[in-house]
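# Reading the structure
Next come the chains, spelled out residue by residue.
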Amino acid sequence: MDPQFLSIAAALFLTILSSILFVIPIIIKKGKVDGRKLHLPPGPPRWPLVGNLLQLGPLPHRDLAAFCSRYGPLVYLRLGTVDAVTTDDPDVIREILLRQDDAFASRPRTLAAVHLAYGCGDVALAPVGPRWKRMRRICMEHLLTTRRIDSFAHHRAQEARHLVRSVWARSAAGETVNLRDVLGAFSMNNVTRMLLGKQYFGAGSAGPGEAMEFMGITHELFSLLGLIYPGDYLPLWRWFDPQGCEKKMRLVEKRVDEFHTMIIDEHRKKKKKKNNNNKKEYHSEEMDFVDVLLSLPGEDGKEDLEDVEIKALIQDMIAAASDTSSVTNEWAMAEVIKHPRVQRKIQEELDSVVGRDRAVDESDLGHLNYLRCVVRETFRMHPAGPFLIPHESTRATRVMGYDVPAKTRVFINTHALGRNPRVWDGGDVDEFRPERHLLPEGGGRVEIGHGADFRILPFGAGKRKCPGAPLGVVFVLTALARLFHCFEWTPAAGLTPEAIDTTEVYGMTMPMANPLLAVPKPRLPRDIYST
Ligand code: HEM
């Protein structure tokens, strides 16, 4: 028998045994509030101690969706020692994220958040409280302002040109394009130029050694952040940790920290050199996010933010900004190539709004309503992550007439929301049909957000709503507009459009199981590709 399986089985057995001794009294106490039996939401039957943990497979968002269609819009689960609820319903989501935002705006302190987000000292994974508030304020007031984002428009334009040129070079060589690679490089370069003032892909990149290290750690970071780690639900599991997850987290934590230390040192040296050369302070437009953070005053009379705060913020932005937009772009490209009718309509719109004698620029993006519907439809079927980042209740409350205890973990299933047949009538929830989002003639711009009906939820809502949503939308629309304006796309040789594989893999973000390969054919005059 597989030795890894044996060690996992032994760990499970020992965990259950030791749990019997320690946890049962706590569970018995928790089943009541003020002596009254809790009226919990309905949910599937659970095993002693592990609860519903063993009912979650490799695609937990699909398992939780199945529970919702069986038990109702709000489902209670017991995951080891943790109370949890899940929903795929717009009314329940609105209740949790807007009407009871105060009760549900926190985050659980998972082991990954402790090790990989500087002890939950960041924005995205931090429990609600003064520290989160301050870090979020720094993001909103200094990093993600319209002015600051506009100041990087020329970088984004350059990266869009690189994207088109790299695809063009491959098409000229008759090569199939791996869209995961090119879209990943586009997003990552945009993000690292804005955050760190450097790029890791293509000409002008920061050396292959550093790029390799950066890609290595971000890859490991993403996979650890996406993991469902049993130790978060069965604390005694951590004694055995048969897969060595915690050890891996500590190793990645160390490598990530060394990388951020190097980045901050470089920025300090650059600043000092500039000061020694008697150059004036930076113009605001020249500053990347690390420069901005190094120039902000700290608390309690301290001159600067603490390094650890800067590292936590940078870490968050890399994780939150890069993969989300590249995963969305790959799904959108796959669905459009799978539906040649949709590709034709995108191109007709681009030819009418932009024309064929110049490249798309950011000012065009607001006028591309059909493409905006394509992005909404992509978010409906393939939200960047299958769940919002888990929320946690700070106090006991009631939702839809049911008790929800304090410290309940909340899984908002955005994947299931977009495919919920009670929400999307017509029986075609698995069909990619952007037209369903079109507004009546003269209805204005199609917005890419949840709107009043909460039928899609690409960026969350309420206090923890994504602060980078406008920028994320620009990354996504820019790449798609440029790639469909410049090229006609067909599937890799030998594949019909319908045969493109759109199965997903679970993680913090939810990419396609296999990278998308496709063949581009230029459709514009030659000079558009070289300018
Ligand atoms: C297409 C691109 C993007 C998508 C789909 C996306 C989606 C999301 C979602 C679903 C959340 C969780 C909301 C919740 O838990 O209620 C989130 C949080 C967050 N996002 Fe984004 N995001 C994108 C781009 C960005 C960008 C470009 C940035 C910053 C440069 C960013 C920064 C953040 C941060 C800091 C949080 C945590 C907010 C908090 O917990 O207070 N995101 N995002």
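Rules used in this analysis
Residues numbered from 1 in each chain as written. Predicted model: local features only at pLDDT ≥ 70, side-chain atom pairs only at ≥ 80, totals over all residues. Heavy atoms only, no water. Pairing = 2+ DSSP bridges. Helix = DSSP H or I, 4+ residues; strand = E, 2+ residues; numbered from the N terminus. Contact = heavy atoms within 4.5 Å. Axes fitted to C-alpha atoms, helices over the stretch in contact; angles between N-to-C directions. UniProt positions renumbered as here; feature names shortened; annotations may be inferred. Salt bridge = Lys/Arg side-chain N within 4 Å of Asp/Glu carboxyl O. Buried < 20%, exposed > 50% of the residue type's maximum accessible area, 1.4 Å probe, protein only.

### Brief notes about the sheet that holds strand E4 (residues 82-87)
Spatial strand order, E3-E4-E9-E6: 4 strands in an open sheet with mixed pairing. At either margin of the open sheet sits one strand with a lone partner, and together these are strand E3 (74-79) and strand E6 (391-392). Strand contacts of helix H3 (residues 60-71): E3, E4 and strand E9 (409-412), with the helix running at about 130° to E3, the strand carrying the most contacts. Packed on one face of the sheet, helix H4 (residues 90-99) meets E3, E4, E6 and E9 and runs near 135° to E9.

### A closer look at the UniProt feature "binding site: heme" (unreviewed entry) in the protein
Mapped onto the present numbering, the UniProt feature "binding site: heme" (unreviewed entry) falls at Cys466. Looking at the secondary structure, you find Cys466 in the loop between helix H18 (414-418) and helix H19 (469-486).

### Side note on the pattern of salt bridges
Inspection of every chain in the model, using the stated rule, returns 35 salt bridges. Among the salt bridges present, the one from Arg134 reaches Glu309, with a minimum N-O distance of 2.4 Å. Taken together, the positions of Arg134 in helix H7 (residues 130-143) and Glu309 in helix H15 (residues 307-338) put the pair 175 residues apart, joining distant regions of the chain. Judged by its relative accessible area of 16%, Glu309 is buried. One salt bridge connects Glu220 with Arg255, and the closest N-O pair in it is separated by 3.1 Å. Here the residue Glu220 occupies a position in helix H11 (residues 208-226), and Arg255 occupies one in helix H13 (residues 245-276), the gap between them amounting to 35 residues. Residue classification places Glu220 among the partly exposed positions, given a relative accessible area of 32%. A relative accessible area of 27% means that Arg255 is categorised as partly exposed. Connected through shared salt-bridge partners, Glu377, Arg380, Asp428, Arg433 and Arg436 make up one network.

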